[in-house]
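Observations on chain architecture
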Amino acid sequence: MKKKALSVLLSLFLFAASSCSKPVYSVSDYEKTMSYRNGFTILQWTDIHLGVESDTVKVQEVLDEELKDCSASLGRNPDLIVITGDTFLNATKGIVNEFFDYLDSKDIPFAFTYGNHDFQGSYANDYIGKVIESKKNSVFVDYPEDDLQGRANYYIDLKEGEATKYRLFILDSNNYYQDGFDIHYDIIHEDQLAHMDAIVKEKGKVPSLAFYHIPVYEFADAYKEYQEGKIEGNGENEEKVCYGYKRTDAFSRMKEDGVIGMFCGHDHINNSTLLYQDVLLSYGMKSTYEIYNDKVGYSLIQLHGQSQLSLGDVTKAVIGEGEQK
């Protein structure tokens, strides 16, 4: 009798353990695809900072002006919008819903990653992702229950027939790191880099771009060399580079995985594009007036089938000047 009871208890334990284990996802589960064409154009928006004090109508007017300016310069809409974090700060569910309804109404595919402020709102951490996934024009993957650090670790393969011409890695550079009483910005973690390695191992290495929020250390190294006249570049950084709490091998690992361009936000009025160790490092300027300083803008990235990016493949636009908030 005791043996039977023990057997039943063991079976229940094993069932509970298996029920609590995290599901396993394949590399392909994180994949999205889009059709490539010569001149494929990506509009980067960043650091929109929508919150309870925002006038959402005015924010949309600013973004509309930027999109109109972008489309006028191209003679068409961009092929993809990528938003590189801090879309929200002290927001509500209603604000999140309103923004993605607005974005979806543009009928332009859009990808999204998180910044250090996006979860500072009155909603659960998986709420933003659920809203995005409900939109017809979203190009987005998140598995809240996977074992990867962060909430956005997916990739978009740009296809020409069966061939992948480019790969876009969309990464979560995470939020904050606490060291005793000190709070620092976080980093792209080892498991995320290993995830990229696995994608390349299974899908093959192709020219790739990486989009994330918090810059890696090399953004500061590159700007120093640019100021010293050692490397080519354009634009200016008007505030310091606020990288993560420690130097990692993220830059070299991503470069090894085929990344030829890295695009971030975070430092709101930095607007440089630098060619560093054959990788283009490019800041996106904040895209609305919802945070300090009266400059706003966007970045355009155009792809022409080459295996390297040049400075001319990225253009920046500063749209108007508003009242400093």
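Above this note sits the structure.
All values reported here derive from a predicted model rather than from experimental measurement.

This paragraph deals with unusual backbone geometry. Non-glycine residue N90 carries a positive phi angle of around 60°. Mapping N90 onto the fold places it in the loop between β3 (80-84) and α3 (93-104). For Q277, which is not a glycine, the phi torsion comes out positive at approximately 50°. Within the secondary structure, Q277 sits in the loop between β12 (273-276) and β13 (279-283).

This part covers the environment of K136. As for its placement among the helices and strands, K136 is situated in the loop between α4 (127-133) and β5 (153-160). A residue is classified by how much of its surface remains accessible, and K136, at 62% relative accessible area, is exposed. As for K136 and Q149, which are separated by 13 residues in sequence, their C-alpha atoms are 26 Å apart. Every residue in contact with K136, bar those within four places of it in the chain, is listed here: D104 and D107. Within the structure, the side chain of K136 is placed 3.3 Å from the side chain of D107, a separation counted as a polar contact.

Next up on the list: the side chain of N293. Position of N293 among the secondary structure elements: in the loop between β13 and β14 (295-303). For N293, a relative accessible area of 16% puts it in the buried group. Here K295 takes part through its backbone nitrogen, which lies 3.0 Å from a polar atom of the side chain of N293.

Scanning all chains against the criterion turns up 3 cavities of 30 Å³ or more. One number sums up the size of the largest cavity: a volume of about 110 Å³. Around the largest cavity, the lining is made up of 14 residues, and of these I187, P215, V216, Y217 and T248 lie nearest the centre.

The next point concerns the pairing of strand β7 (residues 176-179). As paired elements, β7 and strand β8 (residues 182-185) share 4 bridges and run antiparallel to each other. Across the sheet, the residue bridging to Y177 is H184, located in β8. Count of turn residues in the β7/β8 antiparallel hairpin: 2 residues, of which G180 carries a positive phi of about 65°.

Bringing helix α5 (residues 190-203) into the picture now. Taking 1.5 Å as the rise per residue, α5 with 14 residues should run 20 Å; its terminal C-alpha atoms sit 20 Å apart, in good agreement. Regarding α5, the residues found buried are Q192, L193, H195, M196, I199 and V200. Buried residues along α5 cover an arc of 150° about the axis, so they all sit on one side. Of the surrounding secondary structure, the elements contacted by the buried residues of α5 are β5, β6 (163-171), α7 (250-256) and β11 (259-264). G204, located one to two residues past α5, shows a positive phi value of around 95°.

A few words on the nonpolar core. Counting 93 residues, the largest nonpolar core has F100, L209 and M254 as the members making the most contacts within it. The biggest single contributor to this core is α3, with 6 residues. In this view, M254 contacts L171, I188, L193, M196, A210, Y212, V259 and M262; residues no more than four positions away in its chain are not counted.

Attention now moves to the sheet that holds β11. Strand order in the open sheet formed by 8 strands is β1-β5-β6-β9-β11-β13-β12-β10, and the pairing between neighbours is mixed. Edge positions in the sheet fall to β1 (31-35) and β10 (233-234), since each of these pairs with one other strand and no more. In this structure, β12 lies alongside β13, joined through 4 bridges in antiparallel fashion. The residue bridging T273 from the neighbouring strand is S282, located in β13. Packed on one face of the sheet, helix α6 (residues 218-227) meets β10, β11, β12 and β13 and runs near 90° to β12.

Let us look at the pattern of salt bridges. For the structure on display, the rule yields 19 salt bridges. Measuring nitrogen to oxygen at the nearest pair gives 3.4 Å for the salt bridge that ties K203 to E31. Of this pair, K203 sits in helix α5 while E31 sits in strand β1; the two residues are 172 residues apart in sequence, bridging distant segments of the chain. A relative accessible area of 31% places K203 in the partly exposed class. Residue class for E31 comes out partly exposed when judged on its relative accessible area of 24%. The structure contains a network of salt bridges with shared partners spanning E190, D197, D249 and R253.

Right, let's talk about the side chain of H266 for a bit. With respect to the helices, strands and loops of the structure, H266 is situated in the loop between β11 and β12. A distance of 3.3 Å separates the side chain of H266 from the side chain of N116, its partner in a polar contact. One polar contact links the side chain of H266 to the main-chain carbonyl oxygen of C242, over a distance of 3.3 Å. Ignoring any residue separated from it by four or fewer positions in sequence, one finds H266 in contact with T46, D47, N116, Y185, H213, I214, P215 and C242.

Conventions and cut-offs
- Every residue gets a number counted from 1 within its own chain, in the order that chain's sequence is written.
- Only residues with pLDDT of at least 70 get local features here, since the model is predicted, and only at 80 or more are side-chain atom pairs given and counted; chain-wide, interface and lining totals rely on the full set of residues.
- Heavy atoms from the whole structure form the basis of all side-chain values; hydrogens and water molecules are not counted.
- Think of it this way: any DSSP run of H or I at least four residues long counts as a helix, any run of E at least two long counts as a strand, and we number them from the N terminus.
- To sort residues, take the accessible area from a 1.4 Å probe on protein chains only and compare it with the maximum for the residue type: under 20% means buried, over 50% means exposed, and anything in between is partly exposed.
- Residue contacts follow a heavy-atom distance rule, with two residues in contact if any of their heavy atoms lie within 4.5 Å.
- N or O atoms closer than or at 3.5 Å make up a polar contact, with two conditions inside protein: a donor-capable atom paired with an acceptor-capable one, and, for residues adjacent in sequence, both atoms drawn from side chains.
- In this analysis the probe radius is 1.4 Å and the grid spacing 1 Å, with only protein atoms considered; a cavity is a set of points the probe fits into but cannot get out of, a pocket is an open set with protein on both sides within 12 Å along at least five of seven lines, and lining residues have an atom within 4 Å of a point.
- Grid points are joined across faces, edges and corners, and a volume is the space filled by probe spheres set on the points.
- Only strands that DSSP links by at least two bridges are regarded as paired with each other.
- The length a helix should cover is 1.5 Å for every residue beyond the first.
- The directions considered for the arc are those from the helix axis to the C-beta atoms.
- Residue types Ala, Val, Leu, Ile, Met, Phe, Trp, Tyr and Cys, when buried and joined through side-chain atoms within 4.5 Å, form a set referred to as a nonpolar core.
- Only the stretch in contact is used when a helix axis is fitted, and all axes are lines through C-alpha atoms; the angle between N-to-C directions ranges over 0 to 180 degrees.
- The rule for a salt bridge is simple: a side-chain nitrogen of Lys or Arg has to be within 4 Å of a carboxyl oxygen of Asp or Glu.

Bear in mind that shape data such as this cannot, by itself, settle questions of function.
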